[in-house]
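Breakdown of the fold
Here are the chains, one letter per residue:
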Amino acid sequence: MATADLLLHPVRLRIVQTFLGDRTLTTADLRAELPDIPSATLYRHVGVLAEAGVLAVVGERRVRGAAERSYRLVTEAASVGAADAAAMSVDEHRRAFATFVAALLAEFDRYADTAGSPTLDPASDGVGYRQVALWLSDEEFTGLVAELRAVLTARAALEPDGVRRRRIVSQVFLPG
């Protein structure tokens with residue numbers, strides 16, 4: 001299975017996104033966070049991701065006679081590589097982008113649903129979505145991407161401490 005096909009399946013993409021933030025989760029943890037996905041479907045897609053090396057088994061324990069595995073995301077395997085992206089057709093890119101946007105919409109819906117509509121406060125929760133147009137040469141754009149990568153990489157190294165909240169940051173770059 002091609003990397004893009006593997007990662008851009010809607011259920012598998014949601015599973016991968018749930019692991020973002022250097023999390024270790026069991027399938028029971030995943031079921032709690034993705035309750036709208038049937039258990040059999042969830043187990044099947046976790047198995048596909050584990051077999052492909054996107055999820056790694058990092059622990060196993062016995063629970064009522066069954067083996068419960070703990071998984072972590074293998075970050076290097078959890079993105080579509082430059083060669084795979086270059087080999088994709090325009091229609092494949094359209095489908096991939098639509099899947100990405102649909103997952104982003106679903107993530108926002110989950111936030112809005114779980115936050116509780118009477119007390120929903122996107123400003124204090126740090127929710128934001130905006131666009132900005134920049135006039136950049138190819139070299140300046142490459143520099144911007146490198147700077148953003150450095151900032152995000154530094155923040156990705158931070159661990160939960162009881163004060164930090166898990167936040168999802170999504171990037172889209174399009175020529176204007």
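For the structure, see preceding data.
Quick look at the structure, then. (Residues numbered from 1 in each chain as written. Predicted model: local features only at pLDDT ≥ 70, side-chain atom pairs only at ≥ 80, totals over all residues. Heavy atoms only, no water.)

1. Side note on the pairing of strand S3 (residues 66-73)
- Pairing of strand S1 (residues 24-26) with S3, which is carried by three bridges, proceeds in the antiparallel orientation. Looking at the pairing, Thr24 lines up with Arg72 of S3.
- Pairing analysis gives eight bridges linking strand S2 (residues 55-63) to S3, with the strands arranged antiparallel. Paired with Arg62 across the bridge in S3 is Ala67.
- Linking two consecutive strands that pair antiparallel, namely S2 and S3, is a turn of two residues; a positive phi of about 50 degrees is found at Arg64 within it. (Pairing = 2+ DSSP bridges. Helix = DSSP H or I, 4+ residues; strand = E, 2+ residues; numbered from the N terminus.)

2. Some thoughts on the packing of aromatic side chains
- Here the structure, examined in full by the defined rule, presents four aromatic pairs.
- Here the aromatic residues Phe108, Tyr111 and Tyr129 are joined through ring pairs into a cluster of three or more. (Phe/Tyr/Trp six-rings, centres within 6.5 Å; stacked < 30°, edge-to-face > 60°.)

3. Focus on the nonpolar core
- Among the nonpolar cores identified, the biggest contains 17 residues, and Ile15, Phe19, Leu30, Leu49, Val54 and Leu55 are the most heavily contacted of them.
- Going through the elements one at a time, helix H1 (3-7), helix H2 (10-19), helix H4 (39-51) and S3 are the ones with two or more residues in this core.
- Looking at this core, the element that brings in the most residues is H2, giving four residues.
- In this structure, Val54 is in contact with Leu6, Leu7, Val16, Leu49, Arg72, Leu73, Val74, Ala77 and Ala78, ignoring residues within four places of it in sequence. (Core = buried A, V, L, I, M, F, W, Y, C linked by side-chain atoms within 4.5 Å. Buried < 20%, exposed > 50% of the residue type's maximum accessible area, 1.4 Å probe, protein only. Contact = heavy atoms within 4.5 Å.)

4. What about the side chain of Thr18?
- Note that Thr18 resides in helix H2.
- Here Arg14 takes part through its backbone oxygen, which lies 2.7 Å from a polar atom of the side chain of Thr18. (Polar contact = N/O pair within 3.5 Å; in protein donor to acceptor, adjacent residues only side chain to side chain.)

5. Section: the environment of Ala4
- Tracing the chain through its elements places Ala4 in helix H1.
- Look at Ala4 and you get buried, because its relative accessible area is 9%.
- A C-alpha to C-alpha distance of 26 Å links Ala4 and Gly143, two positions 139 residues apart in sequence.
- What Ala4 contacts, discounting residues up to four positions off in sequence, is Val80 and Met88.

6. Quick look at the pattern of salt bridges
- Taken as a whole, this structure holds nine salt bridges when the rule is applied.
- A salt bridge links Arg94 to Asp91; the nearest nitrogen and oxygen atoms lie 3.1 Å apart. Linking Arg94 with Asp91, this pair stays in helix H6 (residues 90-115), spanning three residues, or about one helical turn. Residues Arg94 and Asp91 agree in their burial class; the two are exposed.
- We note a salt bridge from Arg164 to Asp161, for which the minimum N-O separation is 3.5 Å.
- Residue Arg164 is classed as partly exposed on the basis of its relative accessible area of 41%.
- Residue Asp161 is classed as partly exposed on the basis of its relative accessible area of 46%. (Salt bridge = Lys/Arg side-chain N within 4 Å of Asp/Glu carboxyl O.)

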